[in-house]
Amino acid sequence: MKKRILFSMVILMASIQVYSQDSVAYLFHLPKPLVTSIGFYVAPEINYSQLCDEFTFQPGISAMVLLNNRFAIGGTFQGNHSNTFTPSSLSPLAVNTRSGGFKMEYTFSPSSIFHFGLNAMIGGGHLQADSLVSTSYSTHHGTNYMDNYRTVAESNFVLLKPGVFAEANLLKNLKFFTGASYGFAFDGNQTSTRLTNSMIQGFNAYAGLKLGIFQFKLKKPDANQKQN
């Protein structure tokens, strides 16, 4: 009888030991990596922006780091420097502007051919009004120059620009995007009464291309997954 009880206890202890080996518990657990892929791209674009209650074209470009093919962070810049844009509210002055700052972007279903996302830029903007004086002169070498503008007023602003976009995967390293945003402007460290924040804020439509490496996987597949 005692031998049977002893034998049963040995079997029970062995079973507990085997079970405990199959379900080991630890005090600390390392979390799964949050970033499984990384990418980088540049995005030249053309903007049709509201400026001084009128619309004008402005080129722009962004440089972004892409995480998990969805979340992108980086910088952006856009602006115009042309003496041909003379809005009626400031005529005959020509208006130049530039803006840029930190940009964030989130893409939904990036693996689909067509998809959409949200973005936002926070940074600064500069607005400048120049008078046009078409005075030409030449040097003794015969080179002609134009002294054709003089800064009349300028202002700096803080900008917040949320937006939405639609996107298409054209090639492995090339995407086309188009979208719209709205810029909110707040007075910065230098403002002119002639150039107010309402002149630089407003609606903006844009389109462009993204060129880069969008999904470089950081974790190699397991050997078991390769065999399967």
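Just above sits the structure.
Remember, predicted model here, so these are calculated numbers, not experimental data. (Residues numbered from 1 in each chain as written. Predicted model: local features only at pLDDT ≥ 70, side-chain atom pairs only at ≥ 80, totals over all residues. Heavy atoms only, no water.)

It is worth spelling out the overall build of the protein at this point. Secondary structure assignment for the protein yields two helices and 10 strands. The helix and strand sequence of the protein, counted from the amino end, reads α-β-β-β-β-β-β-β-β-β-β-α. Sorting the 228 residues of the protein into buried and exposed places 32% on the buried side. Sequence-distant contacts in the protein: of pairs separated by 6 or more residues, those separated by 24 or more amount to 63%. For the protein, the exposed area adds up to about 15000 Å²; of that, 63% sits on carbon and sulfur atoms. (Helix = DSSP H or I, 4+ residues; strand = E, 2+ residues; numbered from the N terminus. Buried < 20%, exposed > 50% of the residue type's maximum accessible area, 1.4 Å probe, protein only. Contact = heavy atoms within 4.5 Å. Areas by Shrake-Rupley, 256 points an atom, 1.4 Å probe, with all protein chains shown as cover.)

This part is about the nonpolar core. Ranked by internal contacts, the top residues of the largest apolar core, which has 16 residues, are Leu 51, Leu 90, Val 95, Leu 127, Leu 195 and Ile 200. Sorting the residues of this core by element identifies strand S5 (114–131) and strand S8 (150–171) as the ones contributing at least two each. Counting residues in each nonpolar core, the second largest holds nine residues, with Leu 66, Phe 165, Phe 177 and Tyr 206 among its members. (Core = buried A, V, L, I, M, F, W, Y, C linked by side-chain atoms within 4.5 Å.)

With that settled, consider the packing of aromatic side chains. Under the defined criterion, the tally for this structure stands at seven aromatic pairs. When the centroid spacing of 5.1 Å and the interplanar angle of 25 degrees are considered together, the rings of Phe 108 and Phe 116 count as stacked. A connected cluster of aromatic rings, assembled from ring pairs, spans Tyr 48, Phe 55 and Phe 57. Against the face of Phe 214 rests Lys 175, its NZ or CZ located 4.4 Å from the ring centre. Here Lys 210 stacks its cationic end above the ring of Phe 177, 5.6 Å away from the centre of that ring. (Phe/Tyr/Trp six-rings, centres within 6.5 Å; stacked < 30°, edge-to-face > 60°. Lys NZ or Arg CZ within 6 Å of the ring centre and 35° of its normal.)

A few words on the pairing of strand S1 (residues 37–51). The pairing of S1 with strand S10 (residues 202–217) spans 10 bridges and is classified as antiparallel. Residue pairing in the sheet places Phe 40 in a bridge with Ile 213 of S10. The pairing of S1 with strand S2 (residues 54–67) spans 14 bridges and is antiparallel. Paired with Ser 49 across the two strands is Thr 56, which belongs to S2. (Pairing = 2+ DSSP bridges.)

What follows covers the environment of Asn 197. Its location among the elements puts Asn 197 in the loop between strand S9 (174–187) and S10. Ignoring any residue separated from it by four or fewer positions in sequence, one finds Asn 197 in contact with Phe 157, Ala 185, Phe 186 and Asp 187. Within the structure, the side chain of Asn 197 is placed 3.2 Å from the backbone oxygen of Ala 185, a separation counted as a polar contact. (Polar contact = N/O pair within 3.5 Å; in protein donor to acceptor, adjacent residues only side chain to side chain.)

Right, let's get into the pairing of strand S4 (residues 94–108). Direction of pairing for strand S3 (residues 71–80) relative to S4: antiparallel, over a ladder of 10 bridges. If you follow Phe 77 over to S4, its bridge partner there is Gly 100. The sheet contact formed by S4 and S5 spans 15 bridges and is antiparallel. Counted as the bridge partner of Gly 101 is Gly 123 from S5. Counted between consecutive antiparallel strands, the loop separating S4 from S5 contains five residues, among which Ser 109 sits at a positive phi close to 50 degrees.

Read around the barrel, eight strands follow the order S1-S2-S3-S4-S5-S8-S9-S10 and close on themselves; strand pairing throughout is antiparallel. Strand-to-strand twist of the sheet, defined as the mean angle between neighbouring strand axes without regard to direction, takes the value 25 degrees. (Axes fitted to C-alpha atoms, helices over the stretch in contact; angles between N-to-C directions.)

Moving on, we get to the pattern of salt bridges. Scanning the model with the defined rule gives three salt bridges in all. Residue Lys 175 is joined to Glu 167 by a salt bridge in which the shortest nitrogen-to-oxygen separation is 3.8 Å. The buried category is assigned to Glu 167, whose relative accessible area is 4%. Glu 167 is the partner of Lys 210 in a salt bridge, and the nearest nitrogen-oxygen pair spans 2.6 Å. (Salt bridge = Lys/Arg side-chain N within 4 Å of Asp/Glu carboxyl O.)

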